[in-house]
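Fold and contact review
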Amino acid sequence: MIPSSESPIDSIDCEILAELQTNARITSAELGRRVGLSTPAVIERVKRLEESQIILGYRAMVDPAKVGLPVRAFVKVTIAGDKLAKFSALVKTLPEVLECHRVTGAESFMVQVAVRDVGHMEEVIDAMMPYVATNTSMILASPVPWNSILPSARDKRQSRKGRPS
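Note that the structure is a prediction, hence the values are computed from the model and not measured.

Quick notes on the rules
Here, residues in each chain are numbered from 1, in the same order as that chain's written sequence. With the structure being a predicted model, the display of local features is reserved for residues of pLDDT at least 70 and the display and counting of side-chain atom pairs for 80 or more, all residues being used for whole-chain, interface and lining totals. Water and hydrogen atoms were dropped before computing side-chain values, which therefore reflect all heavy atoms in the structure. Counting from the N terminus, the helices are DSSP H or I runs at least four residues long and the strands are E runs at least two residues long. When a residue's accessible area, from a 1.4 Å probe over protein chains only, is under 20% of the maximum for its type it is buried; when over 50% it is exposed; and in between it is partly exposed. The contact criterion used throughout is that any non-hydrogen atoms of two residues lie within 4.5 Å. All accessibility values rest on the Shrake-Rupley procedure with a 1.4 Å probe; residue burial counts only the protein chains present in the view. The predictor reports its confidence for every residue as pLDDT, a score running from 0 up to 100. Here a strand pair is declared whenever DSSP counts at least two bridges between the two strands. A helix is expected to reach a length of 1.5 Å times the quantity of its residues less one. Note: the arc covers the axis-to-C-beta directions of the helix. Each nonpolar core is a collection of buried residues, namely Ala, Val, Leu, Ile, Met, Phe, Trp, Tyr and Cys, held together in the definition by side-chain atoms within 4.5 Å. In this description, a line fitted to the C-alpha atoms serves as the axis of each element, helices being fitted only across the stretch in contact, and the angle between N-to-C directions of two axes falls anywhere from 0 to 180 degrees. Reported orientations rely on four angle classes, namely roughly parallel under 35 degrees, roughly antiparallel over 145, roughly perpendicular from 65 to 115, and oblique for the rest. For this classification, the nonpolar set comprises Ala, Val, Leu, Ile, Met, Phe, Trp, Tyr, Cys and Pro, the charged set comprises Asp, Glu, Lys and Arg, and every other residue, Gly included, is treated as polar.

1. Section: the overall build of the protein
Summing up its helical and strand segments, the protein has six helices and four strands in all. Along the chain direction, N to C, the helices and strands of the protein fall in the order α-α-α-β-α-β-β-α-β-α. When burial is assessed residue by residue, the protein has 30% of its 165 residues classed as buried. Counting only contacts in the protein whose residues sit at least 6 apart along the sequence, the fraction spanning at least 24 positions is 62%. Counting only carbon and sulfur atoms, one obtains 56% of the accessible surface of the protein, whose full area is about 10900 Å².

Shown next, in the form of structure tokens:
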């Protein structure tokens, strides 16, 4: 469920989402203190956000380089229409794939991979080749490796009881 202009979330929910995206391991008591709610109230709100699939899950962010996968790249993939489903199934089986997105434009998919070295990159690209044509761009640096999804500007302007937004 994507919040629309008639969003089912209010400014407190937005604060909760911002706090959880900064630190998903925060205790319910601390989260409640930060957003001005009791612990049971914040637990209930988080549960509602999870049930409505606004919060999709919690996970650890791992540095690929520190687990032996220092080379990352975007592989732009072009596929003939009859091979889309086969490629989608294939990339789900490749552990080197960090993300895969169906996109518009000249390519069909944008795939982010993490590998040990250039030889490993070749193996991963070769695994994709029966279905596709590829164009690979190595990632040199990531000035924004991840960013939180923040409430819309409209929601930020709405403050609670005189609290700054």
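2. Let's talk about the confidence of the model for the protein
Of all residues in the protein, 87% attain a pLDDT of 70 or more, and the chain-wide mean is 88. Low confidence marks residues 1-5, where pLDDT is under 50. Its contacts with residues over four positions away, or in another chain, come to eight contacts. Considering only residues more than four positions removed or in separate chains, one finds that residues 153-165, a stretch of pLDDT under 50, has 19 contacts.

3. Examining the pairing of strand S1 (residues 71-79)
Pairing geometry for S1 and strand S3 (residues 109-115), over seven bridges, is antiparallel. Residue pairing for S3: valine 71 is matched across the bridge by valine 115.

4. Some details on helix H3 (residues 39-51)
For H3, which comprises 13 residues, the first-to-last C-alpha distance of 18 Å matches the rise-based estimate of 18 Å (1.5 Å per residue) to within 8%. Within H3, burial applies to Val42, Arg45, Val46 and Leu49. On an axial view of H3, the arc spanned by its buried residues comes to 100°, and they lie on one face. For H3, exposure combined with an orientation more than 90 degrees from the buried face picks out Pro40 and Glu51. Packed against the buried residues of H3 are helix H1 (11-22) and helix H2 (28-35). At the C-terminal side of H3, glutamine 53 shows a positive phi close to 60°.

5. With respect to the nonpolar core
Nonpolar side chains in soluble globular proteins tend to end up buried together. Ranked by size, the top nonpolar core spans 20 residues in total, and within it Val77, Phe87, Val111, Val113 and Met128 carry the most contacts. Taken together, the elements giving at least two residues each to this core come down to S1, helix H4 (84-93), S3 and helix H5 (118-128). Sorting elements by how many residues they give to this core places S1 first, with five residues. The contact partners of valine 77, leaving out residues within four places of it in the chain, are Phe87, Glu107, Ser108, Phe109, Val111, Met128, Val132, Ala133 and Thr134. Ranked by size, the runner-up nonpolar core spans 14 residues in total, among them Ile16, Leu17, Ile26 and Val42.

6. A short note on the packing of H1 against H3
Packing of H1 against H3 leaves a shortest axis separation of 11 Å and a crossing angle of 85°. What the angle tells us is that H1 and H3 run roughly perpendicular. Contact residues: Ile12, Asp13, Ile16, Leu17 and Leu20 in H1; Val42, Arg45, Val46, Arg48 and Leu49 in H3. By residue class, the composition of the contact of H1 with H3 is seven nonpolar, no polar and three charged.

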